[in-house]
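# Survey of secondary and tertiary structure
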Amino acid sequence: MAVLSKIRQRSALMIAVIALALFAFIIGDLFKSGSFSSTSKDVGSINGKDISFEDFRLKVSNVEKSGQGITSTAAANRVWEQEVSVALLTDEFDKLGLRVGEKHIIEILKADQNIGQNPMFLNAAGMFDLTKFKEYFKSNPAQAEYLKQREKDAELNAKYQIYSTLIKAAFYTTQAEGKLKYEMEANKANFSYVGALYSSIKDSDVKVTDAEILAYMKENKKQYKAEESRGIEYVLIEDKASAADEAEVKSRISSLLSGSVVYNQATGKNDTVAGFRTTNNVIEFVNSNSDIPYDSTYVAKKDLPAVDADQLFNLAPGEVYGPYVFGNYYCISKSLGKKSGVNAKASHILISYEGAQVPNQREKRTKEEAKAKAEEVLAQVNANPDSFMMLAFQYSDDSSAQQGGDLGYFGPGQMVKDFNDFVFNNGIGKIGLVETPFGFHIIKITDKQDGIRLATVAQKLEASEATSDKIFTEATQFEMAAADGDFIKVAKQMKLTVTPAISVKAMDESFGPLGNQRAIVRWAFGENTKVGSVKRFEVANLGHVIATVKNIDDSGFAPIDQVRPFIETKLKKTKKAEMLKAKMTAGSLEAIAKATGSKVEQAVDVTLDNPVLNGGVGQEPRVVGNAFALAANKMSAPIEGNTGVYVVKTTSIVKAPALKDVAPYVEKVKAQSAGDVGRVLPALKDIADIKDNRKQFNY
């Protein structure tokens, strides 16, 4: 209804031209929005198990109310991911017959500080008291319902802990795997080879069609499957001030500089009202005439508008500067005086200790040891102040050590009190030792900045009602013309810029450079939105976005334009390999080198664990693997490698001595699979039958 209300604010001429068309547009949109367009009572299903919309909606609502400032779409996305994960994992738990008892659940609940550390549930010794916990919920029925839900979550978490433990326990590394790891690191191959690089053939000489890319994607469905998407082009007509509007604001703010004469109805006489230059109450004048309230802060020169910084900072007390433009405002400013040292720059070396509020300590030490160390470092700094940077690198427990202890510029109150007091109560170059809750700081004050206090009247540059009407008319005319014609041609005729198509998925919120524009995405996936459909959207603080659906991709594959760079490179490499193989049919390395314009190279002491060829070729595991497999003085067939096609001739394989204890290598292999438990859920999702109907429910 926003469009209709906007029309009512416009001129009678506009109503006559477009009212009927837009009324029909709105009525149609009304019946397409929200649950009116829903074709399912369920928001989706996982492996045949439905997720009811009402249950889903309630969970989304709870997330929205959680105080995290999350949008309804983001909440729906989060809940959906949770529903999918819980459903898939619960199926696995049921298959395995996992069960948990009260003890497991209580341990999970105790891990929550709101429960485990709640004084209501602690005994005299400060330990969790299960009896107190149970008694509380027994005597508070209203809270007992909340506990039931928490217990369900805790039961699920407890089962997941058992499940994860079972998976980790199933990972077993054998002695044979350890032995293989040792041999891959220690066995060495020596061989000659010829490499015909892919880069020797120009990319422009190899063509790859869309059909070939699509065929490759179909052969590798899992790798390239994707949700349905829409390609949306749009024109943005900004609702911004015109040159006339800017001139009017400039004139209005300029008139505030000097006094004015106004008629006083009460006295029947003219009164002289003081202007900005002569007013006796600058603060009241600013607050009465400015779109931005008076700010008493002293501002350093570096924080002033870059173009006008010199003039503003050098104003004498009482002197006025302007009008000038700062962002979307026309401004006039009066100096209320300067103050020295409003910002300071300092470096420090932090020596922390056990119990101090610092995340990373280089070594464990007591408070007494930290103080002694700090005094030792302070003595070194005092003896040679220029060594401060290197000593910070060497000793500081703060992350600023990487910058030689430099903290940059900061204002009063930004640092902890004792640190702040030392810096702002001493001059540049002062070095001292200060204790804070973070530890002991050796501080060096490196610079200070003066600041100026400005009283500034700022009036926003925004479109006038007449300008907004004109912009609205233009946007509506374009919308109607584009709906009946060619979007690109109409934009060109009206001298408007079309932004190239942005690909979006059904539950996306972000819309390219325009940020969160969920309404546009929702419209694009509407039941009656087709390729070529056009609609105008009013975007707050921006203007009018007129969007059109350029393409609809329901193929289940990622858009070709999106994957083309990767697949095209891969297919070109395959075609180049065939072209190079045709040149590598001779019976000797020397003849192959001549045919391909390359030369015979030597590889010495190459291992399977680090299959790198010299000369900057890089990793070529297939080439090195073939060399290990060949008998001495035998030549391979052409091998498609990472960087080219290779032919190798093995000289010798030097096997490492047998190793009695391969335990260290077993541990190496174990470490490589330590994080494999995290691959379980993605794997379950990959093979699951998941149906997502959320777009039908107006999220």
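Before reading further, recall that the structure is shown in the block above.
These lines cover the structure that appears in this document, whether it is placed above or below. Keep in mind it's a predicted model, so treat the numbers as computed, not measured. (Residues numbered from 1 in each chain as written. Predicted model: local features only at pLDDT ≥ 70, side-chain atom pairs only at ≥ 80, totals over all residues. Heavy atoms only, no water.)

### Digging into the overall build of the protein chain
The test is simple: Helix and strand definitions here come from DSSP, where helices need a minimum of 4 consecutive H or I residues and strands a minimum of 2 consecutive E residues; each element is numbered from the N-terminal end. Three exposure classes are used, based on accessible area relative to the maximum for each residue type with a 1.4 Å probe and protein chains only: buried under 20%, partly exposed in between, and exposed over 50%. The criterion used for residue contact is that any of the two residues' heavy atoms lie within 4.5 Å. Method for areas: the Shrake-Rupley scheme with a 1.4 Å probe, in which residue coverage is limited to the protein chains shown.
Looking only at helices and strands, the protein chain has 25 helices and 21 strands in total. Expressed along its principal axes, the backbone C-alpha trace of the protein chain runs to roughly 115 × 80 × 75 Å. Expressed as a percentage of the 699 residues in the protein chain, the buried residues total 39%. For the protein chain, contacts bridging at least 24 residues in sequence account for 67% of all contacts bridging at least 6. Here the protein chain displays about 39,400 Å² of accessible surface, and carbon together with sulfur accounts for 52% of that area.

### Concerning the environment of Ile105
As for its position among the elements, Ile105 is in helix H5 (residues 102-110). A sequence separation of 188 residues divides Ile105 from Pro293, and the C-alpha atoms of the two residues are 55 Å apart. Setting aside residues up to four positions removed in sequence, Ile105 forms contacts with Val100, Glu151, Ala154 and Glu155.

### Concerning the packing of aromatic side chains
Filter applied, for reference: Stacked, tilted and edge-to-face are the three classes assigned to paired rings of Phe, Tyr and Trp, where Trp is represented by its six-membered ring and a pair needs centres within 6.5 Å; plane angles under 30 degrees give stacked, over 60 edge-to-face, the rest tilted. Geometrically, a charge over a ring is one whose NZ (Lys) or CZ (Arg) sits within 6 Å of the ring centre while staying within 35 degrees of the ring normal.
For the structure on display, the rule yields 23 aromatic pairs. Centre to centre, the rings of Phe53 and Phe697 are 4.3 Å apart; their planes meet at 15°, and the pair counts as stacked. Here Phe53 is found in helix H3 (residues 53-64), whereas its partner Phe697 is found in the segment after strand S21 (690-692), with 644 residues between them in sequence. Summarising the burial analysis for this pair, Phe53 and Phe697 share the class buried. Consider the rings of Phe56 and Trp80, whose centres lie 6.5 Å apart with planes at 70°: the pair is edge-to-face. Taken as a pair, Phe56 in helix H3 and Trp80 in helix H4 (residues 72-96) lie far apart in primary sequence, 24 residues in all. Neither Phe56 nor Trp80 differs from the other in exposure class; each is buried. Among the aromatic residues, those joined into a cluster by ring pairs are Phe121, Phe128, Phe133, Tyr136 and Phe137. The ring of Phe276 carries Lys334 above its face, with NZ or CZ at 5.3 Å from the centroid. Taking NZ or CZ as reference, Lys338 lies 4.2 Å from the ring centre of Phe313, over its face.

### A few points about H3
Heads up, the condition is: The span one expects for a helix is its residue count, reduced by one, times 1.5 Å. Picture the helix axis, draw a direction to every C-beta atom, and the arc is the one those directions span.
In this model, H3 (12 residues) spans 16 Å end to end at C-alpha, consistent with the 16 Å of a helix rising 1.5 Å per residue. Looking only at H3, the buried set comprises Phe53, Phe56, Val60, Ser61 and Val63. The buried side chains of H3 occupy one side of the element, clustering within an arc of 160° when seen end-on. Structurally, H3 contributes buried residues whose contacts are with strand S1 (42-46), strand S2 (49-52) and H4.

### Focus on helix H10 (residues 210-219)
By the burial criterion, the buried members of H10 are Ile213, Tyr216 and Met217. The arc that holds the buried residues of H10, viewed along the axis, is 100°, so those residues lie on one side. Facing away from the buried side of H10 by over 90 degrees, the exposed positions are Ala211 and Glu219. Buried residues belonging to H10 abut helix H11 (221-224) and helix H21 (560-581).

### Digging into unusual backbone geometry
Going from Gly322 to Pro323, the amide bond is cis rather than trans, its omega being 5°. Inspection of the secondary structure puts Pro323 in strand S8 (residues 320-326). Despite not being glycine, Asn541 shows a phi value in the positive range, around 65°. Structurally, Asn541 is set in the loop between strand S14 (534-539) and strand S15 (543-553). On the basis of relative accessible area, Asn541 is assigned to the exposed category, the value being 81%.

### Observations concerning the sheet that holds strand S16 (residues 600-606)
What counts, and what does not: Pairing between strands requires that DSSP locate at least two bridges from one strand to the other. What counts as an axis is a line fitted to C-alpha atoms, over the stretch in contact for a helix, and the angles between N-to-C directions run from 0 to 180 degrees.
Pairing is antiparallel across the open sheet formed by 4 strands, whose spatial order is S16-S3-S20-S19. The open sheet terminates on both sides in strands that have one partner only, identified here as S16 and strand S19 (639-640). Across the sheet, helix H22 (residues 589-596) lies against strand S3 (188-197), S16 and strand S20 (644-654), angled at about 30° from S3, the strand it touches most.

### Concerning the nonpolar core
General note: in soluble globular proteins, nonpolar side chains tend to be found buried as a group. Inclusion rule: Grouping buried Ala, Val, Leu, Ile, Met, Phe, Trp, Tyr and Cys residues that are joined through side-chain atoms within 4.5 Å yields what is termed a nonpolar core.
Formed by 26 residues in total, the largest nonpolar core has its most connected members in Phe56, Val60, Tyr163 and Tyr699. Where this core is concerned, the elements lending two or more residues are S1, H3, H4, helix H8 (141-170) and helix H25 (680-687). Look past the residues within four positions of Val60 in its chain and what remains in contact with it is Ser72, Ala75, Ala76, Val79 and Tyr699.

### Observations concerning the sheet that holds S15
The 4 strands are arranged S13-S4-S15-S14 in an open sheet whose pairing can be described as antiparallel. For this open sheet the edge positions go to strand S13 (498-505) and S14, each flanked by a neighbour on one side alone. Sheet twist, expressed as the mean angle between neighbouring strand axes with direction ignored, is 35°. Where strand S4 (residues 229-238) meets S13, 6 bridges bridge the pair, whose relative direction is antiparallel. Of the residues in S13, the one forming a bridge with Arg230 is Val504. Against the sheet, helix H18 (residues 465-484) engages S4, S14 and S15, with an angle of about 160° to S14.

### Some details on a nonpolar patch on the surface
Where we set the bar: For patch building, the residue pool is restricted to those with more than 30% relative accessible area and no salt bridge; the joining distance is 9 Å between like charges and 5 Å between nonpolar side chains (Val, Leu, Ile, Met, Phe, Trp, Tyr). The term salt bridge refers to a pairing of a side-chain nitrogen on Lys or Arg with a carboxyl oxygen on Asp or Glu at a separation within 4 Å.
Judged by side-chain polarity, Met389, Met390 and Phe393 come together as a nonpolar surface patch covering roughly 300 Å² of accessible area. Structurally, Met389 is set in helix H16 (residues 388-395).

### Focus on the side chain of Thr467
The criterion, for reference: In the analysis that follows, any N or O atom pair within 3.5 Å is treated as a polar contact, provided that within protein one partner can donate a hydrogen and the other can accept it, and provided that, for residues neighboring in sequence, both atoms belong to side chains.
Among the structural elements, Thr467 can be located in helix H18. Assessed through its relative accessible area of 11%, Thr467 is described here as buried. In this structure the side chain of Thr467 is engaged in a polar contact, spanning 3.5 Å, whose partner is the side chain of Ser242.

### Considerations on the pairing of S2
In summary, the side chains of a regular strand alternate between the two faces of the sheet. Pairing of S1 with S2 involves 4 bridges; the strand directions are antiparallel. Bridged to Asp42 within S2 is Ser52. Turn length for the S1-S2 hairpin, with the two strands adjacent in sequence and antiparallel, is 2 residues, and the turn residue Asn47 shows positive phi of about 50°.

### Points about the packing of H4 against H8
Let me state the cut-off plainly: Helix crossings get a hand from a simple test, with the near helix turned counterclockwise from the far one by less than a right angle marking a left-handed crossing and a clockwise turn marking a right-handed one. Following the grouping adopted for this structure description, the nonpolar residues are Ala, Val, Leu, Ile, Met, Phe, Trp, Tyr, Cys and Pro, the charged ones are Asp, Glu, Lys and Arg, and the polar ones are all others, Gly among them.
Between H4 and H8, the shortest axis-to-axis distance is 11 Å and the interhelical angle comes to 65°. The two elements H4 and H8 meet at a crossing, and its hand is left-handed. When H4 is examined against H8, the residues Val86, Leu89, Thr90, Glu92, Phe93 and Leu96 are found in contact with a partner set consisting of Leu156, Lys159, Tyr160 and Tyr163. In the contact of H4 with H8, the residues fall into 7 nonpolar, 1 polar and 2 charged.

### A closer look at the pairing of S3
For S3, the tally of buried residues reaches 8 of 10 residues, placing the bulk of the element in the interior. Pairing of S3 with S20, which is carried by 10 bridges, proceeds in the antiparallel orientation. By the bridge assignment for S20, Gly195 is matched with Tyr646. Sheet topology note: the S3/S16 ladder contains 5 bridges and is antiparallel. Across the sheet, Ser192 pairs through a bridge with Gln602, a residue of S16.

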